[in-house]
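# Survey of secondary and tertiary structure
What follows is each chain in one-letter form.
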Amino acid sequence: MKTMNLRFLVMLLLLAFVAGCSTTDTQDDAGLTDEEAAAQAEERAARSRAFGAGSGDGISDEDLSQEERAARDARRAAEEGEDLRQERVIYFDFDSAEIKRESRAVLEAHAAYLNSNGNASVTLQGHTDERGTKEYNLALGERRAEAVKQFLVVNDVRRGQIETVSYGEERPVNESSSEEAYSENRRVEIDYN
Amino acid sequence: MYNQIMDTVRPQPGTLSRPWAGFAVAALLLLLTALPARAELVIQVTEGADRGIPIAVVPFAVSSGEEVPEEIATIIRNNLTMSGDFQLLEPGRMLSLPTFGDTLHYRDWRLLGQQFVMLGSLERQDDGRYVLEYELYDVSQQRRLIRSRATASRQQLRQMAHHVSNRVYETVTGIDGIFTTRLAFVTRTREGGDLLYRLRISDIDGVNPVTLLESDEPILSPDWSPDGKELVYVSFEGGRPGIYRQTIASGERERLTEFRGLNSAPVWSPDGKSLLMTLSKDGSADIYRMVLGSRNVEQLTRHWAINTEASWAPDGRSFVYTSDRSGSPQIYQMDRRSGDSKRLTFEGNYNASAQFSPDGKSLYFVHGRDRQFFIGMLDLESGNQRILHRTPTDEAPGIAPNGRLLIYVTRQGNSRSLELTTTDGRSQFRLPIEHEGIRDPAWSPLP
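What you see is a predicted model, and the numbers here were worked out from it, not measured in a lab.

Conventions adopted
Residues numbered from 1 in each chain as written. Chains lettered and ligands numbered in written order. Predicted model: local features only at pLDDT ≥ 70, side-chain atom pairs only at ≥ 80, totals over all residues. Heavy atoms only, no water. Helix = DSSP H or I, 4+ residues; strand = E, 2+ residues; numbered from the N terminus. Contact = heavy atoms within 4.5 Å. Areas by Shrake-Rupley, 256 points an atom, 1.4 Å probe, with all protein chains shown as cover. Buried < 20%, exposed > 50% of the residue type's maximum accessible area, 1.4 Å probe, protein only. Salt bridge = Lys/Arg side-chain N within 4 Å of Asp/Glu carboxyl O. pLDDT = per-residue confidence, 0-100. Expected span 1.5 Å × (residues − 1). Pairing = 2+ DSSP bridges. Axes fitted to C-alpha atoms, helices over the stretch in contact; angles between N-to-C directions. Core = buried A, V, L, I, M, F, W, Y, C linked by side-chain atoms within 4.5 Å. Domains from an automatic or database assignment. Phe/Tyr/Trp six-rings, centres within 6.5 Å; stacked < 30°, edge-to-face > 60°. Lys NZ or Arg CZ within 6 Å of the ring centre and 35° of its normal.

The helix and strand inventory of chain B stands at 4 helices and 32 strands. Across chain B, the fraction of contacts at a sequence separation of at least 24, relative to all contacts at a separation of at least 6, is 45%. Looking at chain B as shown, the accessible area adds up to about 19,300 Å², and 46% of this sits on carbon and sulfur atoms.

Structure below.
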């Protein structure tokens, strides 16, 4: 009898342990407190709205009038824009001045701000990594700054609000010679004057 | 028979010849005397040590009790080594140490496989000046080629050693010696958390640096005027790039350009009357020519792609430049009369910053493959392109005015050193002098 009881106890303990484990697992899956989850949902929503903001083909909402929608979009865009405009650096691939997909939302936010604040102006600083010749890199940095300028102009920013300057490879943010450093250095910095 | 030649050391070009140069020279001399006498570091041969004409430079006799501020024989040995045309006999292997011709036994040197022997003795005169008597002998002909005397002040001893090196080099090879030429370069150092840029010049072995400009904004692309008296360069002082022209001796300078966009890659024309440069004031980066007299600029390339890094052919009839119009940077050549451009490089996905050899027959440039960069060479007659040598470097090298050597910066981690390669790619040397953060070396013309 003693042994049976012991077996029973062990089984109970095992069950409890497994149950305990699974409970912990579900908690880990969520891995968040309520506040964190809400914040993440908000962030996701913000991100998805941000991507939609400039493309103009967001999900239509039939219950709101066009004016209401526009007002809401503008309000949201302004809020998101402020966050996005904290991001002042745009990154590029090696020997490329092509604006990456993930940079568009940030640039659109800067464009929207410059567009509605006619007195604001920016200097776009083009930079490259250290590889390749200095003078070619100066031209490449300039091309990157010009690509960003073009993006802003297409998004209705006046040319007079934008200056460009290329430093080529002369002003690295990370001075080591590694792929990681290179990708940090290939950039355009947006400086509000 | 006895033919004694009096050598006098010439002042550095452009320094003493003008009245306003006095201050700059005084400052320079002050700097030199402040330097402590030091043991001369020996140049390191990184490849090709066994090539070249065998020559022995016997340690020079010094009048007894005399403190000699510079090891003249070692400087000469270093020079001949870095020319790539000589193989120097180590003093430790010499069978005898003659100091003048009467005590020279040709047999000793034949046994050691030497073709030339140089002897010398250095003496300090009562007036404080130093006199070097030196001789050069051809071992197989059993003949004296030079017997000469050079005089110099204490401050000029290094210059004297370079001058004597030129004479030995030129006597044996018949080629212009480059040992009195100079190097312009930029250093970038971090001081107190900030980057500091300096434009400097030094002797060609990196010794005796003098700072011409200091700035917390980038300085780059120095280029010597054909007479060796001025430099053009790019400076970002004030936050925007401009092309500047500076007289070396006086330090006087003027800003030549400050256009919207790029102001970069200035190079002097062979006649010294105009510059090629890269501007983007009319849109994309293009090559322009500025006439120095009138300051008028004329656009030479017209293309949406990047066009930069122009460099004249020695005959002034064409120039080469870098363009990425094909999708990657490649070298193009524009004929000045027709205005037509043709592509010259087809191997590798990165060929940039080309310069002509002084004879105009080949190009040296930066060649990249698999994101590694080397010095490339193109034979213009055959169209053959090759990697000159395999030490990674991604800066345009400086070309010796006699066409025999290239100087470039190599990096190991965060340290940089100056290296030389012969233009046939067979020998490489590392200069023992270090300049922290060195970049952009440019070789002066012959004085």
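Now that the structure has been shown, the text picks up again.
Turning our attention to the overall build of chain A. A count of helices and strands for chain A gives 6 helices and 4 strands. What you see in chain A, going N to C, is helices and strands ordered as α-α-α-β-α-β-α-β-α-β. When each of the 193 residues of chain A is scored for burial, the buried share is 36%. Of the contacts made within chain A by residues no fewer than 6 positions apart, 74% connect residues no fewer than 24 positions apart.

Let us look at the pattern of salt bridges. Applying the stated criterion across every chain, the model contains 28 salt bridges over all chains. The residue Asp129(A) makes a salt bridge to Arg131(A) at a minimum N-O spacing of 2.8 Å. Residues Asp129(A) and Arg131(A) agree in their burial class; the two are buried. When the shortest N-O distance is used, the salt bridge between Asp424(B) and Arg426(B) registers 3.9 Å. In this structure Asp424(B) comes out as partly exposed when scored by relative accessible area, which is 38%. The network of salt bridges with common partners includes Asp129(A), Arg131(A), Glu179(A) and Arg186(A).

In this section: the confidence of the model for chain A. Should pLDDT be low for a region, the predicted coordinates there are not to be read in detail. Residue and element names in this part refer to chain A. Averaged over chain A, the pLDDT score is 78; the fraction of residues at 70 or greater is 67%. Confidence drops under pLDDT 50 across residues 17-32; counting only partners more than four residues distant or on other chains, this segment forms 3 contacts. Below a pLDDT of 50 lies the segment residues 44-56, which in the model reaches 8 contacts outside its immediate sequence neighbourhood of four places, other chains included.

Time to look at helix H3 (residues 66-85) of chain A. Since the α-helix turns once every 3.6 residues, residues separated by three or four places project in the same direction. Along its 20 residues, H3(A) runs 27 Å from first to last C-alpha, staying within 8% of the 28 Å computed at 1.5 Å per residue. Along H3(A), the residues classified as buried are Arg72(A), Glu80(A), Gly81(A) and Arg85(A).

With that settled, the discussion passes to the sheet that holds strand E9 (residues 182-191) of chain B. All names here are of chain B. Overall, antiparallel pairing links the 4 strands, which are arranged E11-E10-E9-E32 in an open sheet. Both edges of this open sheet fall to strand E11 (210-215) and strand E32 (438-443), since each of them pairs with a single strand only. Pairwise comparison of adjacent strand axes, ignoring direction, gives a mean angle of 20° for this sheet. Of the pairings in the sheet, the one linking E9 to E32 comprises 4 bridges and is antiparallel in character. Paired with Ala184 across the bridge in E32 is Ala442.

Our focus in this paragraph is the nonpolar core. Counting residues in hydrophobic clusters, the biggest one holds 43 residues, and the most contacted among them are Ile72(B), Ile76(B), Met118(B), Met160(B) and Val164(B). In terms of residue count, the dominant contributor to this core is helix H4 (residues 157-173) of chain B (7 residues). Lining this core are residues from two domains, each supplying at least three of them: domain 1 (5-173) and domain 2 (182-443) of chain B. With sequence-adjacent residues up to four places away left out, Val164(B) is seen in contact with Ile76(B), Met118(B), Leu132(B), Tyr134(B) and Ala150(B). The next biggest cluster of nonpolar side chains, apart from the first, holds 26 residues, and it includes Leu138(A), Leu262(B), Leu279(B) and Val366(B).

Glancing now at the packing of aromatic side chains. Using the criterion set out here, one finds 11 aromatic pairs over all chains in the structure. Between the aromatic rings of Tyr136(A) and Tyr350(B), the centroid separation amounts to 5.7 Å while the plane-to-plane angle is 75°, which identifies the pairing as edge-to-face. Linking Tyr136(A) in helix H5 (residues 134-154) with Tyr350(B) in strand E24 (residues 350-356), this pair reaches from one chain into another. Accessibility assignment for this pair places Tyr136(A) and Tyr350(B) in one class, buried. What links up through ring pairs into an aromatic cluster is the set Trp312(B), Phe319(B), Tyr321(B) and Tyr332(B). The ring of Phe259(B) has Lys281(B) lying over it, and the distance from NZ or CZ to the ring centre is 5.3 Å. The ring of Tyr332(B) is capped by Arg325(B), whose NZ or CZ atom sits 4.8 Å from the centre of that ring.

The next thing to look at is unusual backbone geometry. With a phi close to 65°, Arg295(B) is a non-glycine residue in the positive phi region. Along the chain, Arg295(B) falls in the loop between strand E18 (286-291) and strand E19 (297-299).

Residues and elements named next belong to chain B. Counting buried positions over the 5 residues of strand E3 (residues 53-57) gives 4, a clear majority of the element. Pairing of E3 with strand E5 (residues 86-88) involves 3 bridges; the strand directions are parallel. Bridge pairing in E5 places Pro54 opposite Gln87. Of the pairings in the sheet, the one linking E3 to strand E6 (residues 116-124) comprises 3 bridges and is parallel in character.

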